[in-house]
Amino acid sequence: MSIRRLPPHLVNRIAAGEVVERPASALKELVENSIDAGATRVAIVLSQGGVGRIEVADDGCGMSADDMALALERHCTSKLPDEAIEAVVTLGFRGEALPSIASVARVTIESRPAGCDGWCRVVDNGDVLRDGPAAVPPGTRIVVEDLFARVPARRKFLRSPRSEYAACLDMVRRLAMARPDIAFTLEHDGRRVLTVPGGEERPGRVAGLTDRALAENSVAIDWVRDSISLGGVAGLPTFNRGIADHQYLFVNGRPVRDRLLMGAIRGAYAEMLPRDRHAVVALFLDMPPSEVDVNVHPAKTEVRFRDPALIRGMIVSGLRRALDEAGHRSVQRPSDSALTMWQAESVPASAMPPQPVDDWSHAAPESRVMERQSLFAPRPGFAAPPPLARAEPAFAPPPEVRQYPMGVARGQVAKTYIVAEAEDGLVLVDQHAAHERLVLERMRAALTGGRVASQAMLIPEVVELDEPACDRLEARAEELAEFGLDLERFGPTAMLVRSTPALLGQSDPKGLVSDLADELAAFDQALSLRERLDHVAATMACHGSVRAGRILSVTEMNALLREMEVTPHSGQCNHGRPTWVKLQHGDIEKLFGRK
């Protein structure tokens, strides 16, 4: 078969397959055109998830009749005044979006520049149906109808209208997040689903489009290195989600999906999140256009960096620095489902022992006091269980609550949870989880100074393991020695432990070495050296922390609280779970029906 030139309408449909994959792709291109046109308001209307109808109206600069005709031709654009494609500063620049959409749908374009007459052009799957003047306000309005109606092979691969609508909504959120100075509205099937005003600050716009609670459970990011700046907001590690649908990445105002950036976020939150949870972040990278290539794919959602290692390191450092400054912060309020468990249950009268009927109205004050005291005395046949909480008698005046963010220890519950009184509520601390984080941060600080101090064992202990586990430990013996754990091969299936980290105190060498072997098996190949060391330190810290079930003195409890207040990341344990929660005074009053 000889080579032939494809007809223009078929070329446009082939090109449309790269640019317009689904309704969300078409919507993205139209809204980006509105942003590039200098719009301050963008109104979007969808029907049937965008398959039936997509309408985008803006108050931008508008197009003349001649410009409108050129805009519907392939590779025609006003966004590249010269051939310096590496210096592009607009969202669009390829000149493919409008002709691609018009080749697979019915498109109506109405536009008017300020001070000029309006114009309208209707194109149905590449054929011009109407081209003439129109009475329209300044700006541009584009309507896309029956997307892929004449391309059944593409239309049958579209998902349900509900799924397509969800993709469109996500795309609008990302574009609105990138430009908090622009007002956006979105309607779907006659229902207003999104409204954000213009002129907002970036943190407020991000919280409004993700989760209102993010505002009080996040930290601001502001990091500059050379000509590259990193801004945005990052949720506290305890403010996380089960899927990574709340991670928003922007490069020079362009929403992108980049594996390098996603990997950097995972690295920054390493050992601060459970393995099945994901951080909530919105990161904005701004850099000279020459440092990033946005012409990777026609959809323009992928980018390539001139120095990817620099960008990854900058994201990890910026996030780590912001999270370090958060200190002991954690999600303050317990979950609503946990609060609903605190309900006053009525006890049936049949379950209560008979009580005498007392009449105190005419009794003398002394007799009333004696009677009240007798109510707390043991009654025959009525055995009370011993309380699970404990506290030491206060021989000295307790410290002022307002002096400490984590409050002052008042007791211990179930030998596991510290109860502290803060100025604005009641603080509950998981002693094992909190101390686990403190030990980890001590080990990191010690590593910064060289290596962790070790404590030699009087009699070295032999730990029996399978041969592959011993091989993994032997291969990492030098790295483990930096943490104060000295191991030596002792036959094919055993390791000899000569010393353990001094920070761990009286630890269990057998359990520690066994857990480290399991960690190396799971992560040794997938993680970098720094990340492997973090996992090693986290495993060691778990073995050296205060266990649940250990009785602490009030002095020990307060010492733990004070150290938490000055230790980075102490709001979550090494596995990402919160180390403390607070019941605000208002929450306590609700539990007792006072509010």
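Coordinates for the structure precede this section.
In this numbering scheme, every chain counts its residues from 1 along its sequence in written order. Where totals are concerned, whole chains, interfaces and linings use all residues; where local detail is concerned, this predicted model gives features only for residues with pLDDT of at least 70, and gives and counts side-chain atom pairs only at 80 or more. To get the side-chain values, take all heavy atoms of the structure and skip hydrogens and water.

**Q** Before we go on, may I ask you to explain the overall build of the protein chain in this structure?
**A** When its secondary structure is counted, the protein chain shows 18 helices and 25 strands. Burial status follows relative accessibility: with a 1.4 Å probe on protein chains alone, a residue under 20% of its type maximum counts as buried, one over 50% as exposed, and anything between as partly exposed. Looking at the protein chain as a whole, 46% of its 595 residues qualify as buried. The contact criterion used throughout is that any non-hydrogen atoms of two residues lie within 4.5 Å. If you take every contact in the protein chain between residues at least 6 apart in sequence, the share linking residues at least 24 apart comes to 69%. For the accessible areas, the method is Shrake-Rupley and the probe is 1.4 Å, while residue cover comes only from the protein chains on display. Total accessible area on the protein chain stands at roughly 30,700 Å², and carbon and sulfur atoms take up 54% of it. A helix here means a DSSP run of H or I that spans at least four residues, while a strand means a run of E at least two residues long, and both kinds are numbered starting from the N terminus.

**Q** Whenever I open this one, the pairing of strand 4 (residues 119-124) confuses me. Can you help?
**A** Burial of strand 4 is extensive: five of the six residues sit out of reach of the surface. Where strand 3 (residues 106-112) hands over to strand 4, the hairpin turn is made up of six residues, of which Gly 115 adopts a positive phi near 80°. What sits between strand 4 and strand 5 (residues 127-133) in their antiparallel hairpin is a turn of two residues, with Asn 125 showing a positive phi close to 50°. One bridge is not enough; two strands pair if DSSP finds at least two bridges between them.

**Q** Please clarify how the packing of aromatic side chains should be interpreted in this entry.
**A** Describing an aromatic ring pair means giving the distance of the ring centres and the angle of the ring planes. Only Phe, Tyr and Trp rings are paired, with Trp represented by its six-membered ring, and only when their centres lie within 6.5 Å; those with planes under 30 degrees apart are stacked, over 60 edge-to-face, the remainder tilted. By the definition in use, this model includes one aromatic pair. Centre to centre, the rings of Phe 250 and Phe 284 are 4.6 Å apart; their planes meet at 5°, and the pair counts as stacked. Taken together, the residues span a long stretch of sequence, with Phe 250 in strand 12 (residues 247-251) and Phe 284 in strand 15 (residues 281-286) at a distance of 34 residues. Over the ring of Tyr 404 we find Arg 562, and its NZ or CZ is 3.8 Å from the ring centre. Two conditions define a charge located above a ring, namely a distance within 6 Å from the ring centre to NZ of Lys or CZ of Arg, and an angle within 35 degrees of the ring normal.

**Q** Would you explain the sheet that holds strand 22 (residues 454-464) in this entry?
**A** Paired through backbone hydrogen bonds, the strands of a sheet run either parallel or antiparallel to each other. A sheet is described by the order of its strands in space; here three strands give the open sequence 22-24-23, paired in antiparallel fashion. At either end of the open sheet lies a strand with only one pairing partner, and these are strand 22 and strand 23 (486-489). Direction aside, the axes of adjacent strands within the sheet are offset by 20° on average. As paired elements, strand 23 and strand 24 (residues 494-501) share four bridges and run antiparallel to each other. Among the inter-strand pairings, Leu 487 is bridged to a residue of strand 24, identified as Val 497. Whenever a helix is involved, its axis is fitted only over the stretch in contact; in every case the axis is a line through C-alpha atoms, and angles between N-to-C directions fall within 0 to 180 degrees.

**Q** Whenever I open this one, helix 17 (residues 554-565) confuses me. Can you help?
**A** Every α-helical turn comprises 3.6 residues, leaving residues that sit three or four positions apart pointing alike. For a helix, the expected span equals 1.5 Å multiplied by the residue count minus one. Over its 12 residues, helix 17 extends 17 Å from the first C-alpha to the last, a length consistent with the 16 Å expected when each residue adds 1.5 Å. Of all the residues in helix 17, the buried ones are Val 554, Met 557, Asn 558, Leu 560, Leu 561, Arg 562, Met 564 and Glu 565.

**Q** What am I meant to see in empty space enclosed by the protein here?
**A** Picture a little ball the size of a water molecule; that probe, rolled over the atoms, points out where space is still empty. Grid points spaced at 1 Å over the protein atoms alone were grouped into cavities, where a 1.4 Å probe fits but cannot get out, and pockets, open sets with protein on both sides within 12 Å along at least five of seven lines, with lining residues defined by an atom within 4 Å of a point. Grid points are joined across faces, edges and corners, and a volume is the space filled by probe spheres set on the points. One pass over the structure, following the stated rule, counts two cavities of 30 Å³ or more. Taken as a whole, the largest cavity holds about 40 Å³ of empty space. Contributing elements (two or more residues each) for the lining of the largest cavity: helix 6 (161-178) and strand 13 (254-256). Taken together, the residues of the lining of the largest cavity sort by class into three nonpolar, one polar and three charged. Under the scheme applied, nonpolar residues are Ala, Val, Leu, Ile, Met, Phe, Trp, Tyr, Cys and Pro; charged residues are Asp, Glu, Lys and Arg; polar residues are all the others, including Gly.

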